[in-house]
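Coordinate inspection notes
For reference, the chains in residue letters:
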Amino acid sequence: MKFLWIILAAIAVFFIILIYNAVKSKKNGRKLKEEKVHLSEKQQIEYAEKLGKMIKCETVSVKGSYDDTEFAKLRKTMAELFPLIHEKAEKMTFGDDCWIFKIEGKDKSRNIMLMSHHDVVAANGEWKHPPFCGEIHDGALWGRGTVDTKTSLFAEFTAVEELLAEGFVPECNLYIGSSHNEEIFGDGFALAVEYFKNNGIKFETVLDEGGGIIDPPVDFVKCKCAMIATHEKGRRTLVCTAKQSGETKAFTLSKNPPTVRMANFISEISSKNIFISRLYPVVRAMFEGLCPYMPFIARLVCANLWCFGGIIKLLAPKINSQAASMLGTTMTVTNISGTSKDKICKADIYLRFIDENDFEKDLDKLKKIAAKHGVEISEGGVNESYVPADITQKGFTYTNECIAEIFPNFASSVYLLPAGTDARHMTSVCNCALRFAPLEMNNQQFDSVHNPNENISLKAIGNAVVFYKHFVKNYK
């Protein structure tokens, strides 16, 4: 009987801990307030019309070639829109067209940077409005680059231009950087970072694109969320080769030619979940950050990931593909070449990973499966991993304070970015490189990135200017 009471007491304590953590998590969250109206409709339209001039510049980046025609058109447009920045800032160019503007601050030993990119992907598919029209329709500005990422670039420049017009001098050196080949993983910002390293220039805080203000990433959060990416996945490419010359009795040419062995290998690694899956610290932090804005049952789970982490890991792939990609390594097989008559068959594997130690184990498993099918694996041309932002730094705390001030009605949280940004280069000269553009988007606008019908609301354009202006003006 005594043993039964001990078990019941332990169960009671267990549930008390779960409930306590759920209640505590709600109290720890920032209390959401009413939406602030920062600009009039007239001001929003004025900003959108100026941004529309940038959208009309068809700065499409193409791997392996560079045509300066539209990029030169954009440079001319920027000089016309932002004369004070072009007059007062030191401008440096890296590669074909990566811009770095530097405005000296009161303390010349300290540096911060606002980042973006001015290249865009091709505008394929059917569009409701011409993809480079830069026109206002239905309360939004339409065109390729409105979300990714000429709006944030415009807002950064506009904020600084207006502050300079007021005679403002930043507390520390302020850099604005924008590359011309981010979309094709180009060398623009890599060359800029090489310059920073050679000249001993380091940054306290970097704010790039990547995150945004979106509909909740999980259904049971009922408010929009400002998602700050503090880490992005590393990249690795592998070359897979199956050869006739390596035939053994187990792989006779008649039954298992190179094409068949490669097909079997790809089939196995694609049909099985062969990679390590776990809730990494940044993913845990995302659920914990959103936890205060969840209903009680969901909060009970997310406030107690020590107990229910396995459930979250199981459900994440069912939420959406982006949530699934935050659990570990993802893989894409490309460039498969060879026929049944060829003596060799090749394929490339593109991998995105989170943790280097886990990835080495994933890679070892991949190689063992390859060996089983008589496929050789060698390194491709890409092998990059990136350091997460240090969220104990003041830049992270300050960014959240700015979000709370300008967007008091939205929650905010960290997350892991599955895609790539130029901020990855800056992690070697800044330990607080954040990926967040203050653009409010609905699901259609979010999905329009690299897809037809890209557009952004006029309110979002104006509020982005307000955010960057506040960020720069009050950075101490």
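Residues numbered from 1 in each chain as written. Predicted model: local features only at pLDDT ≥ 70, side-chain atom pairs only at ≥ 80, totals over all residues. Heavy atoms only, no water.

The next point concerns the overall build of the protein. In terms of regular secondary structure, the protein is built from 16 helices and 16 strands. Over its C-alpha atoms the protein spans a radius of gyration of 25 Å, differing by no more than 12% from the 23 Å that the globule rule assigns to 476 residues. Over its C-alpha atoms, taken along the principal directions, the protein stretches across nearly 80 × 75 × 50 Å. Evaluated residue by residue, the protein yields a buried proportion of 51% over its 476 residues. Taking the contacts inside the protein whose residues are at least 6 apart along the sequence as the reference set, 80% of them involve residues at least 24 apart. Total accessible area on the protein is roughly 21,700 Å²; 55% of this is exposed by carbon and sulfur atoms. Of the charged side chains in the protein, 58 are positive and 57 negative, and the gap between their average positions amounts to 8 Å. (Helix = DSSP H or I, 4+ residues; strand = E, 2+ residues; numbered from the N terminus. Rg over C-alpha atoms; globule rule 2.2 N^0.38 Å. Buried < 20%, exposed > 50% of the residue type's maximum accessible area, 1.4 Å probe, protein only. Contact = heavy atoms within 4.5 Å. Areas by Shrake-Rupley, 256 points an atom, 1.4 Å probe, with all protein chains shown as cover. Lys, Arg positive; Asp, Glu negative; His and termini not counted. Charge placed at Lys NZ, Arg CZ, Asp CG, Glu CD.)

Another aspect to go through is the sheet that holds strand 10 (residues 234-243). Spatially, 11-12-10-13 is the arrangement adopted by the four strands of the open sheet, whose pairing is antiparallel. Edge positions in the open sheet fall to strand 11 (330-337) and strand 13 (376-384), since each of these has one partner strand only. Strand-to-strand, the axes of this sheet are offset by a mean angle of 20 degrees, without reference to chain direction. Looking at chain direction, strand 11 and strand 12 (residues 344-353) are connected through six bridges and run antiparallel. Following the sheet pairing, T334 is matched in strand 12 by D348. Across the sheet, helix 7 (residues 258-271) touches strand 10, strand 11, strand 12 and strand 13, and the angle it forms with strand 12 is around 20 degrees. (Pairing = 2+ DSSP bridges. Axes fitted to C-alpha atoms, helices over the stretch in contact; angles between N-to-C directions.)

Okay, the nonpolar core next. One finds M113, F196, F203, M426, F467 and F471 to be the most contacted residues of the largest nonpolar core, which totals 112 residues. The element best represented in this core is helix 16 (residues 458-474), accounting for ten residues. Excluding its chain neighbours within four sequence positions, the residues that come into contact with M426 are M113, M115, F189, V193, F196, F203 and V206. Within the second largest apolar cluster, 20 residues are counted, among which are A242, I274, L351 and F359. (Core = buried A, V, L, I, M, F, W, Y, C linked by side-chain atoms within 4.5 Å.)

The next thing to look at is the environment of T427. Within the secondary structure, T427 sits in the loop between helix 14 (423-426) and strand 15 (433-435). What makes T427 buried here is its relative accessible area of 16%. In this structure the C-alpha to C-alpha distance between T427 and A389, which are 38 residues apart in sequence, comes to 7.6 Å. When neighbours within four sequence positions are excluded, T427 is seen to be in contact with Y386, V387, A433 and R435. Within polar-contact distance, the side chain of T427 engages the backbone oxygen of R424 at 2.8 Å. (Polar contact = N/O pair within 3.5 Å; in protein donor to acceptor, adjacent residues only side chain to side chain.)

If charged atoms from side chains of opposite charge come close, those side chains can pair. Scanning all chains against the criterion turns up 26 salt bridges. Put simply, K243 and E376 hold a salt bridge, and the shortest N to O gap is 3.8 Å. Linking K243 in strand 10 with E376 in strand 13, this pair joins segments that are 133 residues apart in sequence. Among the residues examined, K243 registers a relative accessible area of 33% and is labelled partly exposed. By relative accessible area, E376 is classed as partly exposed at 45%. Salt-bridge contacts for E440 lead to K459; the nearest nitrogen and oxygen are separated by 3.7 Å. Residue E440 is located in the loop between strand 15 and helix 15 (443-447), and its partner K459 is located in helix 16; the two are separated by 19 residues in the primary sequence. (Salt bridge = Lys/Arg side-chain N within 4 Å of Asp/Glu carboxyl O.)

Its 27 residues place the ends of helix 1 (residues 2-28) 38 Å apart at the C-alpha level, agreeing with the 39 Å of an ideal helix rising 1.5 Å per residue. Of all the residues in helix 1, the buried ones are L18, A22 and S25. (Expected span 1.5 Å × (residues − 1).)

What the three strands build is an open sheet, ordered 4-5-16; its pairing is antiparallel. Lying at the two open borders of the sheet, with one neighbouring strand each, are strand 4 (135-137) and strand 16 (455-457). Shown here is a sheet whose adjacent strand axes are inclined to one another by a mean of 30 degrees, direction ignored. Bridge count between strand 4 and strand 5 (residues 140-142): three bridges; the pairing is antiparallel. Each bridged residue has a counterpart across the sheet, and for I136 the counterpart in strand 5 is L141. Packing against the sheet, helix 2 (residues 41-55) makes contact with strand 4 and strand 5, and its axis sits at approximately 10 degrees to strand 5.

Applying the stated criterion to the full structure yields 23 aromatic pairs. With a centroid separation of 5.0 Å and an interplanar angle of 70 degrees, the aromatic rings of F196 and F203 are classed as edge-to-face. When sorted by exposure, F196 lands in the same class as F203, which is buried. The interplanar angle of 80 degrees and the centroid separation of 5.7 Å between the aromatic rings of F467 and Y468 together place this pair among those described as edge-to-face. Residues F467 and Y468 agree in their burial class; the two are buried. An aromatic cluster is defined as three or more aromatic residues linked by ring pairs; in this entry it consists of Y398, F407, F410, F436, F467, Y468, F471 and Y475. (Phe/Tyr/Trp six-rings, centres within 6.5 Å; stacked < 30°, edge-to-face > 60°.)

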